[in-house]
Amino acid sequence: MGNINAWAQVGRARFWQSWLQEPTFSADTLGRVHALLDANGLRQGIHHVYERLKRNKALPDIYGLGVVVLDGHESHASYLRHCSGCLQRIIHCGGRDRLQYYHRQVTLLLLPGALPGREAVRLLLDHEPQRPGEDEVETALRLLARVIPAYPRAFDLVLADALYAKAPFFNFLLARGKHALVVLKEERRNLYQDVAGLFDHVAPQQGRYRSRQCLWCFLATGAGPGARHSFPGDLHGTPATRQAGRSTKQ
């Protein structure tokens, strides 16, 4: 839904009445209930669920690693209504520019392995709204600063997209004993060239990725001559487009 008011139309569908087994609520009720929610109480409830699942061995690691995925999501947008926490952007449509208000939050999702014969559990640990004037990485660091003390042993590895391939993000995780696995794209020229220079000094090894043959390069530490970044973790990739960094530090 684009916003809460869209529920006034969507909620009339027969699916919701049969699924809820009771009359659907109004858009006003939906907004009022969310406004009254206690965020700290909700976080404590999620932590209680996590502890029970962990105690019952329902959250196995993946190859010995606890894994979470970090990503930004937009919840709703509007051209008419806005609040003090809204972000703003210009949308080009119909030959003119329109100012759009929207909300984005960064979420942290736990990705445990699957027990035999069962589907893997997906548990949302927490999320943090992005504030006006800050980028997604800043929001993610504020989220991690709250989550890591609350879940010190829940995860070892953070998965993120290319947006997070920045030194402050890697350094933050390194200082807290965590690892990161991010996509490295050619648009980040300085970092990309430094990593490519490291791969040039290591002979690739024949391997497989899923169903196809590929060449893998593995590096333990160090940086090439004149590099602007050092890499005190493992880097791996292929001579083609698949290159990723783990625990990268500037």
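Residues numbered from 1 in each chain as written. Predicted model: local features only at pLDDT ≥ 70, side-chain atom pairs only at ≥ 80, totals over all residues. Heavy atoms only, no water.

### A short note on the confidence of the model for the protein
Overall, the prediction assigns the protein a mean pLDDT of 81, with 79% of residues at 70 or greater. Mean pLDDT across the elements of the protein ranges from a minimum in strand β10 (residues 243–246), with 40, to a maximum in helix α5 (residues 136–150), with 96. In this model, residues 220–235 is a region of pLDDT below 50 whose contacts with residues beyond four sequence positions or in other chains number 51 contacts. Here residues 237–250 scores under 50 on pLDDT; set against residues more than four positions off or in separate chains, the count is 60 contacts. (pLDDT = per-residue confidence, 0-100. Helix = DSSP H or I, 4+ residues; strand = E, 2+ residues; numbered from the N terminus. Contact = heavy atoms within 4.5 Å.)

### Observations concerning the environment of Gly 133
Turning to its location among the elements, Gly 133 is positioned in the loop between β4 (123–129) and α5. On the basis of relative accessible area, Gly 133 is assigned to the exposed category, the value being 88%. Gly 133 sits 45 residues away from Gln 88 along the chain, and the two C-alpha atoms are 9.6 Å apart. (Buried < 20%, exposed > 50% of the residue type's maximum accessible area, 1.4 Å probe, protein only.)

### Observations regarding a nonpolar patch on the surface
Among the surface-exposed residues, Val 33, Leu 37 and Leu 42 lie close enough to one another that they form a single nonpolar patch of about 280 Å² accessible area. Topologically, Val 33 is positioned in helix α3 (residues 27–36). Val 33 gets classed as partly exposed once you look at its relative accessible area, which sits at 44%. (Patch = residues over 30% accessible without salt bridge, like charges linked within 9 Å, V, L, I, M, F, W, Y side chains within 5 Å. Areas by Shrake-Rupley, 256 points an atom, 1.4 Å probe, with all protein chains shown as cover. Salt bridge = Lys/Arg side-chain N within 4 Å of Asp/Glu carboxyl O.)

### Looking at helix α6 (residues 167–175)
Among all positions of α6, only Ala 167, Phe 169, Phe 170, Phe 172 and Leu 173 are buried. Of the residues flanking the end of α6, it is Gly 177, one or two places downstream, whose phi is positive at about 75°.

### Looking at the packing of aromatic side chains
Aromatic rings considered in pairs are described by the distance between their centres and by the relative angle of their planes. For the structure on display, the rule yields 6 aromatic pairs. Between Tyr 50 and Tyr 151 the ring centres are 5.1 Å apart and the planes differ by 75°, which places this aromatic pair in the edge-to-face class. Here Tyr 151 lies in the loop between α5 and β5 (157–160) and Tyr 50 lies in helix α4 (residues 39–55), a separation of 101 residues in the sequence. The exposure class of Tyr 50 is buried, given its relative accessible area of 9%. Between the aromatic rings of Tyr 164 and Phe 169, the centroid separation amounts to 5.2 Å while the plane-to-plane angle is 55°, which identifies the pairing as tilted. Taking the relative accessible area as the measure of exposure, Tyr 164 reaches 0% and is therefore buried. Among the aromatic side chains, those forming a connected cluster through ring pairs are Phe 15, Trp 16 and Trp 19. One Lys or Arg, Arg 98, reaches over the ring of Tyr 79 and ends 3.9 Å from the middle of that ring. Here the basic side chain of Arg 176 rests over the ring of Phe 172, its NZ or CZ set 3.6 Å away from the ring centre. (Phe/Tyr/Trp six-rings, centres within 6.5 Å; stacked < 30°, edge-to-face > 60°. Lys NZ or Arg CZ within 6 Å of the ring centre and 35° of its normal.)

### Topic: the pairing of strand β2 (residues 87–93)
Examined bridge by bridge, β2 and strand β3 (residues 96–110) share 7 bridges and lie antiparallel to one another. When the sheet's bridge partners are listed, Ile 91 is paired in β3 with Arg 98. In this antiparallel pair of consecutive strands, β2 and β3, the connection spans 2 residues, and Gly 94 shows a positive phi of 60°. (Pairing = 2+ DSSP bridges.)

### Section: the packing of α5 against α6
At their nearest, the axes of α5 and α6 sit 10 Å apart, and the two run at 5° to each other. Taken together, the axes of α5 and α6 are roughly parallel relative to one another. Residue-level contacts link Val 137, Leu 141, Leu 144, Ala 145 and Ile 148 of α5 to Pro 168, Phe 169, Phe 172 and Leu 173 of α6. Within the contact of α5 with α6, the residues separate by chemical class into 9 nonpolar, no polar and no charged. (Axes fitted to C-alpha atoms, helices over the stretch in contact; angles between N-to-C directions. Parallel < 35°, antiparallel > 145°, perpendicular 65-115°, else oblique. Nonpolar A, V, L, I, M, F, W, Y, C, P; charged D, E, K, R; others polar.)

### Notes on α5
For α5, with 15 residues, the first-to-last C-alpha span of 21 Å sits near the 21 Å given by 1.5 Å per residue. Those residues of α5 that are buried are in contact with β1 (67–78), β3, β4 and α6. You can read the cap of α5 off the contacts: a side-chain oxygen lies 3.3 Å from the backbone nitrogen of Val 137, and it is on Asp 135. (Expected span 1.5 Å × (residues − 1). Polar contact = N/O pair within 3.5 Å; in protein donor to acceptor, adjacent residues only side chain to side chain.)

### Details of the pattern of salt bridges
Overall, the coordinates contain 8 salt bridges when judged by the stated rule. A salt bridge links Arg 89 to Glu 74; the shortest N-O distance between them is 2.7 Å. Within this pair, whereas Arg 89 is found in strand β2, its partner Glu 74 is found in strand β1, the two being separated by 15 residues in sequence. Residues joined by salt bridges that share partners form a network here, namely Arg 43, Asp 126, Glu 128, Glu 134, Arg 142 and Arg 146.

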